[in-house]
Structure formats: C-alpha cells, structure tokens
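The chain contents come next:
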Amino acid sequence: MSASLNAAVATATAPDPACAEPLAVLGRDVTVPLVTGGEVTYAALDYAASAPALQRVWDDVAAYAPYYGSVHRGAGYLSQLSTDLFEQSRATVAEFLDCRAGDQVVFTRSTTDSLNLLAAVIPADCQVFVFETEHHASLLPWTNAQVTYLNAPRTPAEAVATLERALADREPYGPALVCVTGASNVTGELWPVKELAAAAHAHGARIVLDAAQLAPHHPVSVRDLDVDWVAFSGHKLYAPFGSGVLAGRADWLQQAEPYLAGGGASRKVSRREDGGVDVEWHTTAARHEAGSPNVIGVYSIASACRALTEAGFETLVVREQQLVTRVREGLAEVPAVRVLSLFGDDAPRVGVISFVVDGWNSSHFAAALSAEYGIGVRDGLFCAHPLVRTLLGSEPQAQGECGAPEAAPGERSLNAIRVSFGAGTPDEHVERFVRAVKELVTDGAKWQYRTEEGRCVPLRGAV
C-alpha cells in the first residue's frame, strides 16, 4: 500500500468520539444457543469470509425490489428503470475506485470470477508473476499462462525487490502480469501495492490488485495506486452474496473473446451464405457480461460503495484500528497464543488476525468459541494453503485443507484460527472474544467435543 496510507493506518489509534458507533448491519440482534445453557447475541467475527450486509444496503435493495425488471432488453418502464439503475451502479463503482478515463467496470460473480475472467483474456504468450502468499482466487486461475510463483517475502521491501528480480530475469520479453493482494486474508497485513505497481511498470508488466480484503477497510484508488486492474467481491463489502467487480484497462478485455458467449455480449449476429454464423461482439463491458445480470447484486455493491463513502473511510479506519489494537493487545497477554505474521508486529494491517494456540487443535478452539461463547470465527488454511504452511513452519507437502482436518480435539493440526471484523463490529464482540480466549486457555473448554464429518462439534449431552 502507499506510504501515506501505511502512515494513516499506523497512527489511526487515538480515541475519536465521532467513530464510537459501528455501522448498522443485518444480524446484529440475532441470538444463538450456548451448549452450556441460555442464549447470547451472536458475535460475527468472520468478516474476512463474508461481512454482514449493511442495513442501508438491505433497505436500498428492498426499496428497489418492487421495480425489478430485466435490463438492456425491455421497452417497459420497469426494464428502463432497472437498466438505468444498473448502469448508474457501474458509474458509482467507478467513482468509488477512482478509475481513470477509459477504464471499464465489469460485473462478475466474485473476486474469484473476476480473476478467472482476467486470466481468460490475457495474451497467449503472457507471463504471470504471483507470490505464494496469495489467496487461491489469485494463485490458481492462470492455467493457460507461464506462471512464476514467488516465495513469501518477510518485509514489504523484500516483496518489491523479489518482484523486480523476477521481472528483470524474464525471457522472452513479452506481455507480463503481476497479481498481488492489497491486504492478506490470513494476516491482514497491507502490501506495498503502489511500489509493486511501479516495479511492474518499470519492467513492462501490468498488475492486477486483489482488493477483496482491502476495499471493505480502506479507500482504493486505481489512479493513485497506478494498478491496471482491481478485483473485489460484494459479499466482503457489506453487500449480499453473488456479485463482484473487475475494473481497469479496457484493451485486453476488448481484444479477447468474450468470457461467456451469449446474449448481451453480442452486438450483432447474422447467418452466412455457407450456413454459419457471424458474430460482432460488444467492445464495452457488456462483452464479458453475457446473460441476464445480477441486477440486485450489482445495485447492492453500488449501495455499499455509497454507504462507506458517506460514512467516511477516515472515521472507519480509525475505529477499526482501535479494535485491531484491542485484539492484538489481548492476545499478547496470553503466552500460549502465537499471532501469524509475515511482516512483523509493526506492520499496518486491517481487521484480520490469525493465530494458533499451544496445546489446542485450532478447529477445537474455534468450535469452543462458537458453542460456549456464541462467537463465530474461521479455522483452517483460509484458501491460502502455501502461506499458512509457511507461517506455521510446516513442510510444503504437509497435509491440510480449507476446513477442519481429521484431527481429534487436543491433537496438533495444520491449521489456524482467524478472527476478522470491520465497520459493523460492536466493541462488545471484541471484548467477548478476548475474554473467551483467555478463559479457554486458562480453564479449558467446559464441554466435550469430537470430530464429525471433518468438523469439530460439541458432543451431545456431554459436559
């Protein structure tokens, strides 16, 4: 991330009365049963997987729902209204990302879909450079390219130097693409995106930013970061599931065959005398949006963009950093807890923190947080297997999976626990989490657990 944003995050810890309240999200009053008896308000601390939808977003969608209609295809009032709303949403997202003139905003299903779209349109002889630290959405789509996987750096400066060496050594010298995250989905650490973009461009390469974990926590400026594309998901940006964005340079998108062939992507279709079909494809974003689009999903992303902008990212960053500090200080008070980090304790980060606990199977610990405290976290390898294995000091071939491994409570497991939060997280949820970690480590679980179909679950009727 840019030096100015790093500095803003590093200093955004002073109390600020203006940011005392979290944004209203769905599910904030949901209660869940505890195995020990009674109920408690659910503490959703798995934002890195899916953030709860903002109440503002849900209200906007509900207000539009009666006017739902097909887009780009109907002469009726509702179709025309829906088409206007769809295209206005595209403009809202472009403004949210501070896109350049000429950039295209393509709506997809998710970050994964966005990066697979980009992988489908890169030139045939393109070389791709990606760090092993990436989420699988960024690590795996490049099956038709020559891929260079870069080792995990231990400082931001090392990340830039590693990329520069790799790009300088590439042969033959042709089109190249760098794929990098903005904020790690495992450690929450900010990456030096602007510096990596400068290195890529200095060596004739382009760069795509996986902003799935960055966009919900910080403003993302395509122009300032000087990235060629940015991808993110609605369900991490406080919008419902099923929509995503790929925004950036239009040339590769316009030159490639459509990601999906069908209605909407085609501008003109005609029969030839020989019986075949000629197709003229759109050169706009519609080229890669074949089929009936997810209008409500697109509108919900635009609504979330407006809500975050109006709330003020500066205020949101300050409050989130207070929560980050509280969690990190609380975990530091428990000697058995080891927080995972690439860049060290002083590295700026968003509200994503992963850790392991000595003497605990991580899935057992996460299950106890849920069953005994009503706290939802994530355990596993977080679809970033190489990175988590590196952070845990395991062999690259060691067994492990995204969910819970086949390990009984108390046995060592190749996975970690991830707590994540954001603009909708109440202070009480964080305080409850810190208290629960301390109690579990000190007193142990109050209930018995077993592994069932790959998940650690409470044993029925046991104490």
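Rules used throughout
Residues numbered from 1 in each chain as written. Predicted model: local features only at pLDDT ≥ 70, side-chain atom pairs only at ≥ 80, totals over all residues. Heavy atoms only, no water. Salt bridge = Lys/Arg side-chain N within 4 Å of Asp/Glu carboxyl O. Buried < 20%, exposed > 50% of the residue type's maximum accessible area, 1.4 Å probe, protein only. Helix = DSSP H or I, 4+ residues; strand = E, 2+ residues; numbered from the N terminus. Expected span 1.5 Å × (residues − 1). Core = buried A, V, L, I, M, F, W, Y, C linked by side-chain atoms within 4.5 Å. Contact = heavy atoms within 4.5 Å. Pairing = 2+ DSSP bridges. Axes fitted to C-alpha atoms, helices over the stretch in contact; angles between N-to-C directions. Parallel < 35°, antiparallel > 145°, perpendicular 65-115°, else oblique. Nonpolar A, V, L, I, M, F, W, Y, C, P; charged D, E, K, R; others polar.

Another aspect to go through is the pattern of salt bridges. Overall, the coordinates contain 26 salt bridges when judged by the stated rule. Residue Asp 274 pairs with Arg 272 through a salt bridge whose shortest N-O separation is 3.1 Å. The exposed category is assigned to Asp 274, whose relative accessible area is 61%. Judged by relative accessible area, which is 34%, Arg 272 ranks as partly exposed. Salt-bridge contacts for Glu 428 lead to Arg 432; the nearest nitrogen and oxygen are separated by 3.0 Å. Of the two residues, Glu 428 and Arg 432 both sit in helix 14 (residues 427–443), 4 residues apart, roughly one turn of that helix. Counted as one network, the salt bridges with shared partners bring together Arg 56, Asp 60, Arg 306 and Glu 310.

With 17 residues, helix 14 extends 24 Å between its outermost C-alpha atoms, agreeing within 8% with the 24 Å of an ideal straight helix rising 1.5 Å per residue. For helix 14, the set of buried residues is His 429, Val 430, Arg 432, Phe 433, Val 434, Ala 436, Val 437 and Leu 440.

Of all hydrophobic cores here, the largest spans 82 residues; its most connected members are Val 93, Leu 97, Leu 163, Trp 191, Leu 209, Phe 232 and Val 245. At 8 residues, helix 10 (residues 295–311) tops the list of elements feeding residues into this core. Excluding residues within four positions of it along the chain, Phe 232 makes contact with Val 93, Leu 97, Ser 110, Thr 111, Ala 211, Ala 212, Ala 215, Leu 237, Gly 244, Val 245 and Ile 301. Judged by nonpolar contacts, the second largest core, of 34 residues, contains Leu 323, Leu 331, Val 377 and Val 434.

Moving on, we come to the sheet that holds strand 16 (residues 378–380). Sheet architecture is open: 4 strands sit in the order 13-14-17-16, paired in antiparallel fashion. The open sheet has two edge strands with one neighbour each: strand 13 (337–339) and strand 16. Strand-to-strand twist of the sheet, defined as the mean angle between neighbouring strand axes without regard to direction, takes the value 30°. Strand direction decides the pairing type here: strand 14 (residues 352–357) and strand 17 (residues 416–420), joined by 4 bridges, are antiparallel. Looking across to strand 17, one finds that Ser 354 is bridged to Arg 418. Strands strand 13, strand 14 and strand 17 of the sheet are contacted by helix 11 (residues 313–332), whose axis makes an angle of about 10° with strand 14.

Here helix 11 crosses helix 14 at 10°, and the two axes come no closer than 9 Å. When the axis of helix 11 is compared with that of helix 14, the two are roughly parallel. For the pair formed by helix 11 and helix 14, the contact residues are Arg 319, Leu 323, Arg 326, Val 327, Gly 330 and Leu 331 on the first element and Asp 427, Val 430, Glu 431, Phe 433, Val 434, Val 437 and Lys 438 on the second. Considered class by class, the residues forming the contact of helix 11 with helix 14 number 7 nonpolar, 1 polar and 5 charged.

So, about the pairing of strand 12 (residues 277–281). As paired elements, strand 11 (residues 266–271) and strand 12 share 5 bridges and run antiparallel to each other. By the bridge assignment for strand 12, Arg 271 is matched with Val 277. Connecting strand 11 to the antiparallel partner strand 12 that follows it, the hairpin turn spans 5 residues, and Gly 275 within it adopts a positive phi of roughly 95°.

With mixed pairing, the 7 strands of this open sheet are ordered in space as 4-10-9-8-7-5-6. The sheet is open, and its two edges are formed by strand 4 (104–108) and strand 6 (146–150), each paired on a single side. Across the sheet, the mean angle separating the axes of adjacent strands is 20° when strand polarity is ignored. Here strand 5 (residues 127–131) pairs with strand 7 (residues 176–181) via 4 bridges, running parallel. Looking at strand 7, one finds that Gln 127 is bridged to Ala 176. Running at roughly 150° to strand 9 (residues 229–233), helix 4 (residues 111–121) makes contact with strand 4, strand 7, strand 8 (206–210), strand 9 and strand 10 (244–248) of the sheet. Sheet strands in contact with helix 7 (residues 193–202) are strand 7 and strand 8, and its direction is about 155° off that of strand 8.

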